[in-house]
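So you can see what is in the structure, the chains are spelled out below.
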Amino acid sequence: LGSMKPVIVVHGGAGRIFKEREEGCRAGVVRAALRGYGVLKQGGSALDAVEEAVRSMEDDPHFNAGCGSVLNEKGEVEMDAIIMDGKNLDSGAVSAVKCIANPIKLARLVMEKTKHMLLTDHGAHLFAQAMGIPEVPGEKLITERSRERWKKNLEPDSNPEEFQKDLGTVGAVAIDREGNVACATSTGGLSNKLIGRVGDTACIGSGGYADNHSGATSTTGHGESIMKVVLARLILYHMEQGMSPEVAADTALDYMKTRVGGLGGVIVVSKAGEWAARFSTKQMSWATVKDDNLHYGIYAGEEHIKSVDEALASEREGF
């Protein structure tokens, strides 16, 4: 039996979280972290834990992933997702997928059932059908909020950039008892994006990276900026040079800001089970469970701590 203490960290997106959505975002990341930790506690793999945590947030309309995803210029949902196994560097990803509830599940199937790492659009759709993944009507994934925002952004004097700050990509990283790490990231992308736009989420090393030799990380923020600096891999590189997860995350985020003017957030777990949740945006919803303690927050410097038992009890009462 492995001797590692399991750890899970999740994020619900970096950016600006509007007041009326704060509670829902907090509750959503806490729920996802508790679910992922439940998997780890029962001896489950880091891979299963991150998939479960992300699936929980895809199903939560507060986040820009799965149900609740933002709309592209044509008013449709196109989603990206990635999952990676730190044991052997296997990864699976999908991009521009429509009409499925849980892109992260499909990414996992790409990793396990094909020789490929990334399937896109129509090909991903055919693969989903072959795997028996139920199709959901596109409207099912669209929330009132996403449609309102899309309409606002279509107005001639609108500034979609203003709304991009409220991003909400979701992600998770974990280490299990065996010392294996994994990451998962899922997103609806940018509001009013061009049809076929793929951001950092589906790209290995940008949207996420996991390697047992160093750790795992999942990113959120301005996708194009994240891709330019290959943010997830950059953080692990800094850790390989001896930096702590927190310093590595801050160093990489700082570089992204000064070099390309990009803002974002990251969650990290090291191969030793140390974790960090850092961001250069105004806010990022995040939660982590380690040693049966739940930590969570949204604002810089905000950190609530509860025992897992207490958190699970209030979870049952509806948070």
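Residues numbered from 1 in each chain as written. Predicted model: local features only at pLDDT ≥ 70, side-chain atom pairs only at ≥ 80, totals over all residues. Heavy atoms only, no water.

If you look the protein chain up in an unreviewed UniProt entry, it shows as Isoaspartyl peptidase/L-asparaginase from Acrocephalus arundinaceus. Its UniProt record gives the protein chain a comment under Sequence similarities (unreviewed entry), which states: "Belongs to the Ntn-hydrolase family." (UniProt positions renumbered as here; feature names shortened; annotations may be inferred.)

(A) Representation of the environment of Arg 149. Structurally, Arg 149 is set in helix 6 (residues 144–154). Classification of Arg 149 by relative accessible area gives buried; the value is 8%. Linking Arg 149 and Leu 71, residues 78 residues apart in sequence, is a C-alpha distance of 8.5 Å. (Helix = DSSP H or I, 4+ residues; strand = E, 2+ residues; numbered from the N terminus. Buried < 20%, exposed > 50% of the residue type's maximum accessible area, 1.4 Å probe, protein only.)

(B) Region of interest: the sheet that holds strand 9 (residues 264–270). Strand order across the open sheet formed by 4 strands is 7-8-9-10, with antiparallel pairing between neighbours. The open sheet has two edge strands, strand 7 (208–211) and strand 10 (275–279), and neither has a second partner. Neighbour-to-neighbour, the strand axes of this sheet turn through a mean angle of 10 degrees, independent of strand direction. The strands that helix 9 (residues 231–240) touches are strand 7, strand 8 (215–221) and strand 9; relative to strand 8, the one it contacts most, it runs at about 140 degrees. (Pairing = 2+ DSSP bridges. Axes fitted to C-alpha atoms, helices over the stretch in contact; angles between N-to-C directions. Contact = heavy atoms within 4.5 Å.)

(C) Looking closely at the UniProt feature "binding site: substrate" (unreviewed entry) in the protein chain. Per the UniProt record, "binding site: substrate" (unreviewed entry) is annotated on Arg 197, Val 198, Gly 199, Asp 200, Thr 220, Gly 221, His 222 and Gly 223. Among the polar contacts listed, one links the side chain of Thr 220 to the backbone nitrogen of Ala 14, at a separation of 2.9 Å. As for its placement among the helices and strands, Gly 223 is situated in helix 8 (residues 223–229). Given the relative accessible area of 2%, Gly 223 is considered buried. Apart from residues lying up to four places away in sequence, Gly 223 is in contact with Arg 197 and Asp 200. (Polar contact = N/O pair within 3.5 Å; in protein donor to acceptor, adjacent residues only side chain to side chain.)

(D) Examining the environment of Glu 224 more closely. The topology assignment puts Glu 224 in helix 8. Remark: the alpha-carbon pair of Glu 224 and Val 198, spanning 26 residues in sequence, is separated by 9.2 Å. Ignoring sequence-local partners within four residues, the contact set of Glu 224 consists of Leu 190 and Arg 197. In terms of polar contacts, Glu 224 uses its side chain to reach the side chain of Arg 197, at 2.9 Å.

(E) Just the packing of helix 9 against helix 10 (residues 245–260), in detail. At their nearest, the axes of helix 9 and helix 10 sit 8 Å apart, and the two run at 135 degrees to each other. Judged by the inter-axis angle, helix 9 sits oblique to helix 10. The crossing of helix 9 and helix 10 is right-handed. When helix 9 is examined against helix 10, the residues Leu 231, Leu 234, Ile 235, His 238 and Met 239 are found in contact with a partner set consisting of Pro 245, Ala 248, Ala 249, Thr 251, Ala 252, Leu 253, Tyr 255 and Met 256. A breakdown of the residues in the contact of helix 9 with helix 10 according to their chemical character gives 11 nonpolar, 2 polar and no charged. (Parallel < 35°, antiparallel > 145°, perpendicular 65-115°, else oblique. Left-handed = near helix turned anticlockwise from the far one by under 90°. Nonpolar A, V, L, I, M, F, W, Y, C, P; charged D, E, K, R; others polar.)

(F) Representation of the UniProt feature "active site" (unreviewed entry) in the protein chain within the structure. Mapped onto the present numbering, the UniProt feature "active site" (unreviewed entry) falls at Thr 169. Mapped onto the fold, Thr 169 is located in the loop between helix 7 (160–164) and strand 5 (170–175).

(G) Representation of the side chain of Ser 69 within the structure. For Ser 69, the position within the fold is in the loop between helix 2 (46–58) and strand 2 (79–85). A distance of 2.8 Å separates the side chain of Ser 69 from the backbone oxygen of Gly 66, its partner in a polar contact. Discounting chain neighbours no more than four positions away, the residues touching Ser 69 are Phe 63, Asn 64, Val 77, Met 79, Leu 141, Ser 146 and Gly 188.

(H) Quick look at the pairing of strand 5. Among the 6 residues in strand 5, 6 count as buried, and that is most of the element. What you see with strand 5 is no split at all: Val 170, Ala 172 and Ala 174 on one side and Gly 171, Val 173 and Ile 175 on the other are buried throughout. By the bridge criterion, 5 bridges tie strand 1 (residues 7–15) to strand 5 in an arrangement that is antiparallel. The residue bridging His 11 from the neighbouring strand is Gly 171, located in strand 5. Note that strand 5 and strand 6 (residues 181–187) share 6 bridges and pair antiparallel. Across the sheet, the residue bridging to Ile 175 is Val 181, located in strand 6. In this structure, the hairpin formed by strand 5 and strand 6 is closed by a connection of 5 residues, where Gly 179 is found at a positive phi of approximately 85 degrees.

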